Amino acid sequence: MLKCLMMKRKLYDYLDDSLTQADKLKAQRHLEGCPGCRERLNQLKAVLNRAHSKNVPDPGEEFWHDFKTGLDKKLNDKLVSPLELRRRPRLALSLKPAFAYAAVAIFFIAVFGSLHKSNLPVAFRLAQNDDELVEETIELDELEGQAALNHSEDAYLEEIDLLFEIEQA
Amino acid sequence: MSPEFGAPTELSLIEDVKSGRRASFDILVALYQHKGFGIAYNLVGNIEDAKDVLQEACIKMYLNIKAFEGRAKLSTWFYRIVVNCALDFLRMRKRANRVWVEADSGNGDKQANLEVPDVSFDPARLRLAKEFAQKLEEGVSALSRMQRLCFVLRHENSLDIREIAQTLKCRPATVKVHLFRAAENLRRLLSRYVDVEGG
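For every chain, the first residue of its written sequence is number 1, and the numbers climb from 1 along that sequence. As a convention, the first chain written is A and the first ligand written is 1, with the rest following in written order. Local features are withheld for residues below a pLDDT of 70 in this predicted model, meaning they are given only at 70 or higher, and side-chain atom pairs are given and counted only at 80 or more; totals for whole chains, interfaces and linings count all residues.

A look at the overall build of chain B
Next up, step 1: Secondary structure assignment for chain B yields 9 helices and 0 strands.
Next up, step 2: With C-beta atoms placed from the backbone, a residue is labelled by how many other C-beta atoms lie within 10 Å of its own: buried for 20 or more, exposed for 12 or fewer, partly exposed between the two. When each of the 199 residues of chain B is scored for burial, the buried share is 36%.
Next up, step 3: Note on contacts: each residue gets a C-beta atom placed from the backbone, and two residues are in contact if those atoms are within 7 Å. Contacts spanning at least 24 positions in sequence make up 55% of the contacts within chain B whose residues lie at least 6 apart. Strands are runs of DSSP state E lasting at least 2 residues, helices are runs of H or I lasting at least 4, and numbering of each runs from the N terminus.

Below, the structure is given as structure tokens:
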């Protein structure tokens, strides 16, 4: 005989008539001797019967006429709207290259400008007088010369360090 | 219509709709609108909202019918669309209700909409029957999404397990588990009324 726990799992299938013949017989035998499971079965049956008896109201002819009219209108609106939407992308697409070219141009001008500004500050400045320009140019030349000297000195010192290390090794 | 003689088949109607023939679409809608309405009504709970949901589902069917490959029946595919539209609608209504639910509570309109069979003229029994029907509604609404869908489609719309499985894109065994759990939850919730009603 089925235990109550097993029966609990099978009650729904029993009511739904989806048990095998053998299982159905076992369930019936258990139900005959078990008031608890019988009560549970009755409760389940009442709930399912009530759910089945819940009628969907017949909305009537007028409802279906309105439904059809409304559906046709909504569908027509949906079918028309994509055509309207298509015009906007065309305008956007025609403007897109112009915006893209403008953005690229601004980017290159900015990059080009910044490079030249760092290397040649004098070239981009409006000269107030020639003397200033000459002085600045001389200063820049001197700075560049010092930098070159320092670099060569650094390299020289590194070479010496390396030689010392080799000798010590 | 494709076939020259006799009634058009579902397949020929689908092909017609795919090529843009609205008359064939109208025939398909007429074929499935009643069952579709039943599903929508049982999920959203009133006629007007069910109409909107069904119209939305029909529009989606028309616009997406080219994607229908014919692996399942068109009816099953359409019911799936109805279920999804109803769930979308419920989600939107839930959001809107957060604001309005307090204002609407306590007016008793919900009870008036419930269809309760006339069990007897005994006022006490009638009251209990109404309460039972209302509690069942509440209980079904409180079930988990899958339990509720399986229960409504099986017990309120009489779809079979295989149809529900195809509609919800899951295995029949999964549907059975959800159905069992839903029924058990409702039984526990409503046992008081069942005992009083005498089963």
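Quick word on the overall build of chain A
Next up, step 1: Counting its regular elements, chain A contains 5 helices and 0 strands.
Next up, step 2: Moving toward the C terminus, one meets the helices and strands of chain A in the order α-α-α-α-α.
Next up, step 3: Counting across all 169 residues of chain A, residues that qualify as buried make up 11%.
Next up, step 4: Restricting to contacts in chain A with at least 6 residues of sequence separation, those with at least 24 account for 46%.

Focus on the environment of R148 of chain B
All names here are of chain B.
Next up, step 1: Among the structural elements, R148 can be located in helix α7 (residues 145-156).
Next up, step 2: Note: C-alpha distance between R148 and L179 (31 residues apart in sequence) is 8.5 Å.
Next up, step 3: In this view, R148 contacts V140 and L143; residues no more than four positions away in its chain are not counted.

What about the interface of chain A and chain B?
Next up, step 1: At the junction of the two partners, chain A supplies 23 residues and chain B supplies 27 residues.
Next up, step 2: For the side of chain A that touches chain B, the elements supplying multiple residues, two or more each, are α3 (35-53) and α4 (61-119) of chain A.
Next up, step 3: Ranked by residue count, the leading element in the side of chain A that touches chain B is α3 of chain A, at 11 residues.
Next up, step 4: Put simply, Ala, Val, Leu, Ile, Met, Phe, Trp, Tyr, Cys and Pro go in the nonpolar bin, Asp, Glu, Lys and Arg in the charged bin, and everything else, Gly too, in the polar bin. Grouping the constituent residues of the side of chain A that touches chain B by class yields 12 nonpolar, 6 polar and 5 charged.

Comments concerning α7 of chain B
All names here are of chain B.
Next up, step 1: Over its 12 residues, α7 runs 15 Å from end to end, which matches the ideal 16 Å to within 8%, given 1.5 Å per residue.
Next up, step 2: The buried count for α7 comes to 10 of 12 residues, which makes it a mostly enclosed element.
Next up, step 3: Of all the residues in α7, the buried ones are Q147, R148, L149, C150, F151, V152, L153, R154, H155 and E156.
Next up, step 4: Where α7 terminates, the next one or two residues include S158, which has phi positive at roughly 55°. Every helix has an expected span of 1.5 Å times one less than the residues it contains.

Here we look at unusual backbone geometry
All names here are of chain B.
Next up, step 1: The residue S158 is not glycine, and still its phi comes out positive at about 55°.
Next up, step 2: Here S158 lies in the loop between α7 and α8 (161-167).
Next up, step 3: What makes S158 exposed here is the crowd of 11 C-beta atoms within 10 Å.
Next up, step 4: With a phi angle near 55°, K169 is a residue other than glycine that sits in the positive phi range.
Next up, step 5: Inspection of the secondary structure assignment puts K169 in the loop between α8 and α9 (172-197).

Digging into the confidence of the model for chain A
Residues and elements named next belong to chain A.
Next up, step 1: A residue's pLDDT is the predictor's confidence in that residue, given on a scale from 0 to 100. Averaged over chain A, the pLDDT score is 74; the fraction of residues at 70 or greater is 57%.
Next up, step 2: Taken element by element, chain A is modelled with least confidence in helix α5 (residues 130-168), mean pLDDT 60, and with most confidence in helix α2 (residues 21-33), mean pLDDT 91.
Next up, step 3: Across residues 122-128, confidence stays below pLDDT 50; counting only partners more than four residues off in sequence or on other chains, it has 8 contacts.

Thoughts on the nonpolar core
Next up, step 1: Counting 64 residues, the largest nonpolar core has V47 of chain A together with A40, V53, A57, V82 and A183 of chain B as the members making the most contacts within it.
Next up, step 2: In terms of residue count, helix α2 (residues 22-44) of chain B provides more of this core than any other element does, 10 residues in total.
Next up, step 3: Dropping the residues within four chain positions of it, A183 of chain B is found in contact with Y12, L44, V47 and L48 of chain A. To define a nonpolar core, we join buried Ala, Val, Leu, Ile, Met, Phe, Trp, Tyr and Cys residues through C-beta atoms within 7 Å and take the resulting set.

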